[in-house]
Amino acid sequence: MEKKKINLLMFSGEYDKALAALIIANAAREMEVEVTLFFAFWGLFLLRDPEKMTLEDKTTYEKMFGMMTPKGPEELPLSKMNFGGIGKEMLLEMMEDDKAPRLIDFLNGAIKKGVRFYGCKLSVEIMGLKKEELIPELEIVDAKTYLEDAMASDMQLFI
Amino acid sequence: MEKKKINLLMFSGEYDKALAALIIANAAREMEVEVTLFFAFWGLFLLRDPEKMTLEDKTTYEKMFGMMTPKGPEELPLSKMNFGGIGKEMLLEMMEDDKAPRLIDFLNGAIKKGVRFYGCKLSVEIMGLKKEELIPELEIVDAKTYLEDAMASDMQLFI
Amino acid sequence: MEKKKINLLMFSGEYDKALAALIIANAAREMEVEVTLFFAFWGLFLLRDPEKMTLEDKTTYEKMFGMMTPKGPEELPLSKMNFGGIGKEMLLEMMEDDKAPRLIDFLNGAIKKGVRFYGCKLSVEIMGLKKEELIPELEIVDAKTYLEDAMASDMQLFI
């Protein structure tokens, strides 16, 4: 029997939505389902390594944009009720009370379990992100590569 | 011929998005398409029964969270132009002018027409929601049960 | 071999999300994939022609709503970091630096390349939009027509 396959387009760059996506991705890998995550626009901030930021070879706008946006998974805001971070802290406390892993743990789990990481070429170029600022597992691809992968999947979500 | 099937992941907990999802769900049932709605995170607030709220057996954060969040379908905000509820009132007036049913009517229609209601186990636990606070048709399942249902569907949306 | 087909539900009416959707739609057409875009709620504002607005035969709420909402693709806000338009200007400058086309160019490309444009009948009626205010390529259809098209596609997204 052919392996099942899913493809999630990670657009929004929000803590709660990324959490939902990565919980699905991890569960799918445990069921031996192939998983591709395609990161575009705000979604790319999830893959930034806070230790590897650079300002070199960037325009003024790219520098400003890079400084105003989240640096890595734990800096992402909630999609609602963020309240300048207080709502997010509340959610994190509630997650800890239930011994639920954090977003960074689900991200590391996905990497370990062999999820495929694709990054949108156009988004990376427009935002001026450098390959070395993002996780090394990320492969930069164009919209057509995304589409081929997505259309060959049993399920696609825009998150 | 095998029956068609759709699966909608209800994440956002916003009046307008929930309306779109439930209009699709009702139309699908009228076409004899099988429908599963999987409620996660903010989406669960759509299924709260305002008459059956409880504070028992909840942590302080869970109590606060429960009080700050919408209690049932008609309390959900719009995803944009909510303006503290004024934008939503405007939309509701415009819907009434066209004799369009309200969200609660579409929800009751979906229940009557045999839509399957799944709720995300992890979300329910983290938010401290009790089964008796939610509609009785809801079945609490894990991410793998969602995935199996979704991958066996002809269409999946993240709403 | 049968042609591949995708269906995107355009709900949100935000510049960045519409851009992502139209980049996918254009890339798909270049791969000879059939594309349907179904515009509902806020998504319809992308198709307004700023030259063809009318106040005739509209209720007071419909007039107010029409004036408070974006008139055509270039007026759409960002889904985040819009900052009253400053964030969007920054993104547009960064796009120009990379010689990336604007949203209106991708929309015109999609029209030229034969993307199918569907508009949600219920949304159009509730918002009081007139057919002549929207692009002439738009065909007004009901939820069942959307569902038939979507379920016959290889990929569906809610954007």
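Right, let's walk through the structure included here. (Residues numbered from 1 in each chain as written. Chains lettered and ligands numbered in written order. Predicted model: local features only at pLDDT ≥ 70, side-chain atom pairs only at ≥ 80, totals over all residues. Heavy atoms only, no water.)

## Remarks on the relation of the copies chain A and chain B
How we decide: Our superposition of the copies is a least-squares fit, built on the C-alpha atoms of residues whose pLDDT is at least 70 in both.
Between chain A and chain B, which share one sequence, the superposing operator has a rotation angle of 120° and an axial displacement of 0.0 Å; the RMSD is 0.0 Å. Given the turn and translation reported, the copies of this chain are related as if by a three-fold rotation axis.

## A closer look at the interface of chain A and chain B
Threshold: It only takes one pair of heavy atoms within 4.5 Å for two residues to be counted as in contact. In this description, buried area is defined as the sum, over both parts, of the accessible area (probe of 1.4 Å) that is lost when the two are combined. One side-chain nitrogen of Lys or Arg within 4 Å of one carboxyl oxygen of Asp or Glu is enough to make a salt bridge. In protein, a polar contact requires one atom able to donate a hydrogen and another able to accept it; more generally it is a pair of N or O atoms within 3.5 Å, and residues adjacent in sequence count only if both atoms are side-chain atoms. To qualify as a helix, a DSSP run of H or I must reach at least 4 residues; to qualify as a strand, a run of E must reach at least 2; elements of each kind are numbered from the N terminus.
The interface of chain A with chain B comprises 32 residues on the first partner and 28 residues on the second. The junction of chain A with chain B conceals about 2,700 Å² of combined surface from both sides, 79% of it contributed by carbon and sulfur atoms. Taken as a group, Lys80(A), Met90(A) and Met94(A) account for 23% of the area that chain A buries against chain B, more than any other trio of residues on that side. Scanning the region where chain A abuts chain B turns up two salt bridges. For Lys80(A), the salt bridge identified is with Glu14(B), shortest N-O distance 3.1 Å. Joining chain A to chain B, the criterion identifies five residue pairs in polar contact (both at pLDDT 80 or more). Elements with a minimum of two residues in the side of chain A that touches chain B: α1 (15-30), α3 (86-97) and β5 (155-158) of chain A.

## Brief notes about the sheet that holds strand β2 (residues 34-39) of chain A
Where strands meet in a sheet, backbone hydrogen bonds hold them as pairs that are either parallel or antiparallel. We apply this condition: Pairs of strands are assigned from DSSP output, requiring at least two bridges between the strands. Fitted lines through C-alpha atoms serve as axes, helices being fitted only where they are in contact, and the angles separating the N-to-C directions of these axes extend from 0 to 180 degrees.
With respect to topology, five strands assemble into an open sheet ordered β4-β3-β2-β1-β5 (chain A), the strand pairing being parallel. Strand pairing shows two members of the sheet lacking a second neighbour, β4 (139-141) and β5 of chain A, which therefore form its edges. Neighbour to neighbour, the strand axes of the sheet diverge by 25° on average, direction disregarded. Strand direction decides the pairing type here: strand β1 (residues 5-10) of chain A and β2(A), joined by six bridges, are parallel. By the bridge assignment, Ile6(A) is partnered in β2(A) with Val35(A). Where helix α6 (residues 143-151) of chain B meets the sheet, it contacts β1 and β5 of chain A, and its direction lies at approximately 110° from that of β5(A).

## What to know about the interface of chain A and chain C
What counts is decided by this rule: By the convention adopted, Pro, Cys, Tyr, Trp, Phe, Met, Ile, Leu, Val and Ala count as nonpolar, Lys, Arg, Asp and Glu as charged, and the other residues, Gly among them, as polar.
Taken together, the contacts link 28 residues of chain A with 32 residues of chain C. Summed over both sides, the interface between chain A and chain C buries roughly 2,700 Å², with carbon and sulfur atoms accounting for 79% of that surface. Broken down residue by residue, the surface that chain A buries against chain C is led by Ile126(A), Met151(A) and Phe158(A), which jointly contribute 25%. A salt bridge links Glu30(C) to Lys144(A); its shortest N-O distance comes to 3.2 Å. Along the contact surface separating chain A from chain C lie five residue pairs in polar contact (both at pLDDT 80 or more). Mapped onto the side of chain A that touches chain C, the elements with two or more residues apiece are α2 (60-68), α5 (121-127), α6 (143-151) and β5 of chain A. Ranked by the residues each element gives to the side of chain A that touches chain C, the list is headed by α6(A), at seven residues. Split by residue class, the side of chain A that touches chain C holds 18 nonpolar, five polar and five charged.

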